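# Coordinate inspection notes
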Amino acid sequence: MSNKLTKTIIDIGLSEKDRKAIAKGLSELLADSYSLYLMTHNFHWNVKGPMFNTLHTMFMTQYTEQWAALDLIAERIRALGEPAPGTYKEFSKLTSIKEVDGVPKAMDMVKYLVKAQEATAKTARKLFPLVEKANDQPTADLLTQRQDIHEKTAWMLRSLLEE
């Protein structure tokens, strides 16, 4: 028996090049999703004002859904044979979402979350052409679900800003 470690071959119908490129895009989506999760949870903890109960409850619903999505995205990256990023350092390099300093007023929190939801939807959408070309249906399904959720959540948050 050889002492050499053998490289495990992943043969799921995607080229290595496509798998790596898709995993890179999913890593960016994971970073945006984690940044959005953290922002939403922070705002849940710190919201105040006349809309406290509504926003506190809404933010909790949103961050709970986002938390579950993180695992789905990371597990898809792993199924493609790549390591999932999992540190603040990695996420900060990969995310398109800017951190918010301090504790904004309640309606400013809503505005920040609209932008972060939209950014996350755009990150998912940006990856879709590659996924479609590679014929990667599981990732396409994941991206479609994430786009739907982020676009719907952005719409609901924008509705709060209407006069």
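Here, every reference points to the structure presented above.
The structure reproduced in this document is the subject of the present report.

Calculation notes
Residues numbered from 1 in each chain as written. Predicted model: local features only at pLDDT ≥ 70, side-chain atom pairs only at ≥ 80, totals over all residues. Heavy atoms only, no water. Helix = DSSP H or I, 4+ residues; strand = E, 2+ residues; numbered from the N terminus. Buried < 20%, exposed > 50% of the residue type's maximum accessible area, 1.4 Å probe, protein only. Polar contact = N/O pair within 3.5 Å; in protein donor to acceptor, adjacent residues only side chain to side chain. Contact = heavy atoms within 4.5 Å. Core = buried A, V, L, I, M, F, W, Y, C linked by side-chain atoms within 4.5 Å. Salt bridge = Lys/Arg side-chain N within 4 Å of Asp/Glu carboxyl O.

## A short note on the side chain of Thr 95
Checked against the element boundaries, Thr 95 lands in the loop between helix H3 (88–94) and helix H4 (106–134). Relative accessible area serves as the criterion here: at 18%, Thr 95 is assigned to the buried category. At a separation of 3.2 Å, a polar atom in the side chain of Thr 95 contacts the side chain of Ser 35. Setting aside its immediate chain neighbours within four residues, Thr 95 contacts Ala 31, Asp 32 and Ser 35.

## Overview of the nonpolar core
Of all hydrophobic cores here, the largest spans 23 residues; its most connected members are Leu 26, Leu 30, Ile 73 and Leu 143. Sorting the residues of this core by element identifies helix H1 (16–46), helix H2 (52–79), H4 and helix H5 (137–161) as the ones contributing at least two each. No other element matches H1, which puts 8 residues into this core. Apart from the residues lying within four places of it in its own chain, the contact partners of Leu 143 are Leu 26, Leu 29, Ala 124, Leu 127, Phe 128 and Val 131. Ranked by size, the runner-up nonpolar core spans 16 residues in total, among them Ile 97, Met 109, Ala 116 and Ala 119.

## So, the pattern of salt bridges
Using the criterion set out here, one finds 9 salt bridges in the structure. Residue Lys 20 pairs with Glu 82 through a salt bridge whose shortest N-O separation is 2.9 Å. One end of the pair, Lys 20, is in helix H1; the other, Glu 82, is in the loop between H2 and H3, and 62 residues separate them in sequence. Judged by relative accessible area, which is 39%, Lys 20 ranks as partly exposed. Between Lys 24 and Glu 28 there is a salt bridge, and its shortest N-O distance comes to 2.8 Å. Linking Lys 24 with Glu 28, this pair stays in helix H1, spanning 4 residues, or about one helical turn. Taking relative accessible area as the criterion, Glu 28 reaches 15% and is therefore assigned buried. Because the salt bridges share partners, they merge into one network encompassing Glu 16, Lys 20 and Glu 82.

Purely spatial values, then, with no claim about function.
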